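# Structural overview for review
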Amino acid sequence: MWVRRAAIRPVPSYAQVPARVLSEIEDQLAEDDDDSRKQLDDAFTRFEQTQPALADRISAVLSGPLDETALALGYFLTLAIWLAFDELFGQDLEEVTETALTGVEESLNLDEQIRLHDPAEAVDSDDVIAMEQPDVLAFVQEHLDAALEANAHEVDVDDVHAIYRVVLIEVLALSYAVRPPSNWVALTTEFTA
């Protein structure tokens, strides 16, 4: 199946986050004792220090008027995703600059507009991101679905959508911020005879 990627550039395969890392992070975040809470506070501080532009953008969304479900989901997902990238890539995860973050947002906006105005386009922008980071998007969608199902009568769907959007931006921005391994050789798209 051919998919036009329009404005969202591909995520290099070396930047993909596997499900096992997300599962480990989820287990860590589920622990509820004093030591775990301290580690969580330390993680938030480290996130703000190492990714200030991204932390500010996420904070702006989380500090808006959100219902409790969306707010809890936003804190959990944004921290879990950053922790997964940080744990997996460590020093190879560069800081997401304000310019890079704006570029990701603009490419996502453009991709959504192109897909909205093309009646033949059957793939949404988040589906394209899911092709690039399948395990991360499966993790995000699993938690979104669980939150919506558990709080179906109380949740503000627009608030959850705002969280989903900032999470998509975070996933792409962090994916692009991963430095290639020293032995990485990019494949060329042209073949020679």
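Above this text is the structure in question.
Before going into details, it helps to say that this report is about the structure given with it.

So, how was this worked out
- Residues numbered from 1 in each chain as written.
- Predicted model: local features only at pLDDT ≥ 70, side-chain atom pairs only at ≥ 80, totals over all residues.
- Heavy atoms only, no water.
- Helix = DSSP H or I, 4+ residues; strand = E, 2+ residues; numbered from the N terminus.
- Buried < 20%, exposed > 50% of the residue type's maximum accessible area, 1.4 Å probe, protein only.
- Contact = heavy atoms within 4.5 Å.
- Axes fitted to C-alpha atoms, helices over the stretch in contact; angles between N-to-C directions.
- Parallel < 35°, antiparallel > 145°, perpendicular 65-115°, else oblique.
- Nonpolar A, V, L, I, M, F, W, Y, C, P; charged D, E, K, R; others polar.
- 1 Å grid on protein atoms, 1.4 Å probe; cavity = no way out; pocket = protein on both sides within 12 Å on 5 of 7 lines; lining within 4 Å.
- Points joined across faces, edges and corners; volume = space filled by probe spheres on them.
- Expected span 1.5 Å × (residues − 1).
- Arc of directions from axis to C-beta.

The helix and strand inventory of the protein stands at 8 helices and 0 strands. The secondary structure elements of the protein, listed N-terminal to C-terminal, are α-α-α-α-α-α-α-α. Here the protein holds 193 residues, and the buried ones make up 42% of them. Restricting to contacts in the protein with at least 6 residues of sequence separation, those with at least 24 account for 86%.

Attention now goes to the packing of helix H2 (residues 34–50) against helix H4 (residues 68–89). Running from N to C, H2 and H4 point in directions that differ by 75°, and their axes come no closer than 11 Å. On the basis of their axis angle, the class for H2 and H4 is roughly perpendicular. Only Tyr75, Leu79, Trp82, Leu83 and Asp86 of H4 make contact with H2, whose side of the interface consists of Leu40, Ala43, Phe44, Arg46, Phe47 and Thr50. Partitioned by chemical class, the residues of the contact of H2 with H4 number 8 nonpolar, 1 polar and 2 charged.

This next bit is on the layout of surface pockets. Reported here for the largest pocket is a volume of approximately 250 Å³. In terms of lining, the largest pocket is formed by 13 residues, of which the most central are Gln28, Leu29, Gln39, Leu40 and Leu83. Considering each element in turn, the lining of the largest pocket owes the most residues, 7 residues, to H2. The residue makeup of the lining of the largest pocket, split by class, is 4 nonpolar, 3 polar and 6 charged.

Here we take up H2. Look at H2: 24 Å from first C-alpha to last across 17 residues, which is about the 24 Å you get at 1.5 Å a residue. For H2, every residue scored as buried is listed here: Ser36, Ala43 and Phe47. One face of H2 carries all of its buried residues, which in axial projection span an arc of 35°. Opposite the buried face of H2, by more than 90 degrees, sit the exposed residues Asp34, Asp35, Glu48 and Gln49.

All right, on to helix H6 (residues 125–132) then. Where H6 is concerned, the buried positions are Ser125, Asp126, Val128, Ile129 and Glu132. Buried residues of H6, viewed axially, fall in a sector of 155°; they line one side. Summarising the contacts, the buried residues of H6 are in contact with helix H5 (98–116), helix H7 (134–150) and helix H8 (157–176).

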